[in-house]
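Structural overview
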Amino acid sequence: MKKVRLFLMAFMSLVAVSASAQFVNSGNKSQTATTSSFNSGSSYKVDLSGWDRITVSYSPMKYVTDIKGTDDFNMTGFSLGYEKGFSIARSLPIFIETGANMQYAFKTFDNEDREDAGISSPHYYDMKATYSTLNLKVPVNLAYKLTFGDVSLIPYVGLNFKLNLLGQLKYSLEDPDDLEGSQYDDEDDFWNDIEDSDEDGMKQTLNMFEKKDVGGKDYVWKRFQMGWQIGVGLDYNNLHVGLGYTKDIMELCKKVKTSSVMVSLGYNF
């Protein structure tokens, strides 16, 4: 939360400086109300136009846990999003930004890493395990737009509302050759036999939203979460690049939260 407070302080400073500059400019007949010239020759202007934007992002996710005996881990992630900015002030470039962002993330553990992460094995064979998650976020950000010629710098801070659509853990044999000489023809045959026999309720794929799959209510993932985010975007004409960070406020399950860094490329239309 310290990061959020620092960002809010910086954001309000930008607003104050811009408002002061506009007040000075309004009393100077040699300058317009929306443009001021700097020694570098660049031109600052108050741009109140909103935006529609599509983005693709590299968005690795971190699984952060306070559960004793388990470690945090990073997941590879990618996102696809739509963002829309609405001007909310008559003379200052302050915006509300919202939209939708779909994120998919995954992580595969070998047998040793699986044990370090506190993921149990459904069988005595060495097992790999793969987490997969898909979520939809709806952000509500407060943004400020600093425009210099064709370039705009847009810092933002806000909340997001997240719907977890998919959460699963899938096991596979670390070395399928371990089945040689056994009663099983291949790995599919192995898992079919395990699930058909209903031995201790073992399954190859676990639904993280089902209590019976994860072994208790404390490990069941929530469908809905809320989080916060900060970031900054850079627009050049129609092109956009962005860097952001988001973290859960509400837990994914007991003593577990997630966070993500987002590196984005986008197009404004």
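See the structure shown above.
In what follows, the accompanying structure is described. Computed from a predicted model, the values in this text were never measured in an experiment.

Applying the stated criterion across every chain, the model contains 8 salt bridges. A salt bridge links Lys-145 to Asp-47; its shortest N-O distance comes to 3.2 Å. You can see Lys-145 sitting in the loop between β7 (127-144) and β8 (146-148) and its partner Asp-47 sitting in the loop between β2 (43-45) and β3 (51-58), a full 98 residues away along the chain. The buried category is assigned to Asp-47, whose relative accessible area is 19%. Between Glu-83 and Arg-53 there is a salt bridge whose closest N-O contact spans 2.7 Å. With Glu-83 in strand β5 (residues 73-87) and Arg-53 in strand β3, the pair connects residues that are 30 residues apart, well separated along the chain. A single network of salt bridges, built from pairs that share partners, joins Arg-53, Glu-83, Glu-97 and Asp-235.

This paragraph deals with the packing of aromatic side chains. Overall, the coordinates contain 15 aromatic pairs when judged by the stated rule. The interplanar angle of 75° and the centroid separation of 5.6 Å between the aromatic rings of Tyr-125 and Phe-190 together place this pair among those described as edge-to-face. Of this pair, Tyr-125 sits in the loop between α2 (111-116) and β7 while Phe-190 sits in helix α3 (residues 187-197); the two residues are 65 residues apart in sequence, bridging distant segments of the chain. With respect to burial, Tyr-125 and Phe-190 carry one shared label: buried. By way of ring pairs, the aromatic residues Tyr-63, Phe-73, Phe-109, Tyr-131, Phe-209 and Trp-221 are connected into one cluster. When the ring centre of Phe-109 is taken as origin, the NZ or CZ atom of Lys-107, which lies over that ring, is 5.5 Å away. Here the guanidinium or amino end of Arg-223 rests over the ring plane of Phe-209, the centre of that ring lying 3.7 Å away.

Counting 29 residues, the largest nonpolar core has Tyr-63, Ile-119, Tyr-131, Leu-169, Tyr-171, Phe-190 and Trp-221 as the members making the most contacts within it. Elements with a contribution of two residues or more to this core: β4 (61-65), β5, β6 (94-109), β7, β9 (151-173) and α3. Once you skip the residues sitting within four places of it in the chain, Ile-119 turns out to touch Phe-109, Arg-114, Ala-129, Tyr-131, Leu-169 and Tyr-171.

Rules and cut-offs
Residues numbered from 1 in each chain as written. Predicted model: local features only at pLDDT ≥ 70, side-chain atom pairs only at ≥ 80, totals over all residues. Heavy atoms only, no water. Salt bridge = Lys/Arg side-chain N within 4 Å of Asp/Glu carboxyl O. Helix = DSSP H or I, 4+ residues; strand = E, 2+ residues; numbered from the N terminus. Buried < 20%, exposed > 50% of the residue type's maximum accessible area, 1.4 Å probe, protein only. Phe/Tyr/Trp six-rings, centres within 6.5 Å; stacked < 30°, edge-to-face > 60°. Lys NZ or Arg CZ within 6 Å of the ring centre and 35° of its normal. Core = buried A, V, L, I, M, F, W, Y, C linked by side-chain atoms within 4.5 Å. Contact = heavy atoms within 4.5 Å.

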